[in-house]
Amino acid sequence: MILVTGATGNIGSALLKELHACGAGPLRGLTRDAARATFPEGVEAVEGDLAVSASLKPALEGARALFLVSRLGPDADILEAARQAGVEHVVLVSSITAETHPHLGPAGENLAVEQLLKESGMAWTILRPTQFASNALMWAASVREHEAVRAPYADTALPTIHPADIAAVARVALTEPGHQGRTYALTGPEPVTARRQIEAIAAALGREVPFAEISRREAHAQMAAVFGAEAADAVLDVTGGDVNDGLLAVRDTVAQVTGAPARAFGQWAAENAAAFR
């Protein structure tokens, strides 16, 4: 039994499809609302909330392997519940910033979760993806309203990753030998700037999408109002204000692990064009 948490999210939903397609199983998806879940046929939907570790007991019962995205709940309690339930292997999604920016608060928290997993007694595989292509969805409302997309660091190019590529690596780690005790840094196939991301979305829509670069100060004020000042600083540092060679580097890990090349941002934009219409 493989339990996929965050099963309706960008990575979890793609992972369930991958696992189902390759014949892995039995499969179970964790969701807050099983009645609304649209999982592949044969995937068991179990209700639970990562924020409430006690609610995970039914989902963990009989599970051999667990897919977990860090920092969505009390990770120490979640991992202990998994250990007590007899989970043997955990594939954890952390962040590449644990390697490139360990001094930042969120990165330090990810490192702490990684260490908890390593000390749990369960086998582990840690995935450290870079910026998600799906982060571009934060611009969807502006694009739909034909307003200018406003973003800082317009020409800083990061090797943005398609969430489905994270899922593909997770599928291999969960179903094939040789990946326990490994940490994988994951990126897309090429660096892509915010400006080029907007151009790719415009191409997918078949119309122009206006773009305006804003200052860090303006971006920080907007983000801090939603996420808090510390989180806003961390996001702005890793998206342009404090980039380094490790964050900018393209890794070929996706191809090495899965045998297929990483997907370009343009593919993600084409697949998700409806969200911007």
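Just so it is clear, the model here is predicted, and its values are computed rather than measured. (Residues numbered from 1 in each chain as written. Predicted model: local features only at pLDDT ≥ 70, side-chain atom pairs only at ≥ 80, totals over all residues. Heavy atoms only, no water.)

Here we take up the overall build of the chain. For the chain, the count of helices and strands is 13 helices and 9 strands. Against the 2.2 N^0.38 benchmark of 19 Å for 277 residues, the chain shows a C-alpha radius of gyration of 19 Å, consistent with a compact globule. Taken along its principal axes, the extent of the C-alpha atoms in the chain is 50 × 40 × 35 Å. Expressed as a percentage of the 277 residues in the chain, the buried residues total 48%. (Helix = DSSP H or I, 4+ residues; strand = E, 2+ residues; numbered from the N terminus. Rg over C-alpha atoms; globule rule 2.2 N^0.38 Å. Buried < 20%, exposed > 50% of the residue type's maximum accessible area, 1.4 Å probe, protein only.)

This next bit is on unusual backbone geometry. The backbone of His 146 shows a phi angle near 60°, a positive value even though the residue is not glycine. Looking at where His 146 falls in the secondary structure, it is placed in the loop between helix H6 (140–144) and strand E7 (149–151). His 146 sits in the exposed class, given a relative accessible area of 54%. Within the chain, Tyr 153 stands out as a residue other than glycine whose phi angle is a positive 50°.

Moving on to the sheet that holds strand E4 (residues 65–69). The parallel open sheet is built from 7 strands, whose spatial order is E3-E2-E1-E4-E5-E6-E8. The outermost strands of the open sheet, each flanked by one partner alone, are strand E3 (44–47) and strand E8 (182–186). Each neighbouring strand pair of the sheet contributes to a mean axis angle of 20°, computed without reference to strand direction. One ladder, built from 4 bridges, connects strand E2 (residues 27–31) with E3; its direction is parallel. Considered in E3, the bridge of Leu 30 is made with Val 46. (Pairing = 2+ DSSP bridges. Axes fitted to C-alpha atoms, helices over the stretch in contact; angles between N-to-C directions.)

The next thing to look at is helix H5 (residues 105–118). Side chains three or four residues apart in an α-helix point the same way, a direct result of the helix having 3.6 residues per turn. With 14 residues, H5 ought to run about 20 Å at 1.5 Å a step, and its terminal C-alpha atoms sit 20 Å apart, in line with that. All of the buried residues in H5 are Ala 107, Asn 110, Val 113, Glu 114 and Leu 117. The buried residues of H5 occupy an angular sector of 120° when the element is viewed end-on, so they sit on one face. (Expected span 1.5 Å × (residues − 1). Arc of directions from axis to C-beta.)

What the rule picks out here adds up to 15 salt bridges. Among the ionic pairs, Arg 195 bridges to Asp 155, the shortest N-O distance being 2.9 Å. With a gap of 40 residues between them, Arg 195 in helix H8 (residues 194–205) and Asp 155 in the loop between E7 and helix H7 (163–175) connect regions that are remote in the sequence. A salt bridge links Arg 196 to Glu 190; its shortest N-O distance comes to 3.5 Å. What you see here is one network of salt bridges that share partners, running through Glu 18, Arg 171 and Glu 176. (Salt bridge = Lys/Arg side-chain N within 4 Å of Asp/Glu carboxyl O.)

Moving on, we get to the nonpolar core. By size, the foremost hydrophobic cluster in this structure holds 32 residues, and its most contacted members are Phe 67 and Leu 127. Elements with a minimum of two residues in this core: strand E1 (2–4), helix H1 (10–21), E4, strand E5 (89–93), H7, E8 and helix H12 (253–258). Here the element with the most residues in this core is H7; it accounts for 8 residues. Residues in contact with Leu 127, not counting those within four places in the same chain, are Val 91, Leu 92, Val 93, Ser 94, Ser 95, Ile 166, Val 169, Ala 170, Tyr 184 and Leu 186. (Core = buried A, V, L, I, M, F, W, Y, C linked by side-chain atoms within 4.5 Å. Contact = heavy atoms within 4.5 Å.)

Before going further, it helps to spend a moment on the packing of helix H9 (residues 216–227) against helix H10 (residues 229–241). For the pair H9 and H10, the least separation of the axes is 8 Å and the interaxial angle reads 135°. What the angle tells us is that H9 and H10 run oblique. Seen along the crossing, H9 lies across H10 with a hand that is right-handed. Mapping the contact onto sequence places Arg 216, Ala 219, His 220, Met 223, Ala 224 and Phe 227 in H9 and Ala 229, Ala 231, Ala 232, Asp 233, Val 235, Leu 236, Asp 237 and Gly 241 in H10. Class assignment for the residues of the contact of H9 with H10 results in 9 nonpolar, 2 polar and 3 charged. (Parallel < 35°, antiparallel > 145°, perpendicular 65-115°, else oblique. Left-handed = near helix turned anticlockwise from the far one by under 90°. Nonpolar A, V, L, I, M, F, W, Y, C, P; charged D, E, K, R; others polar.)

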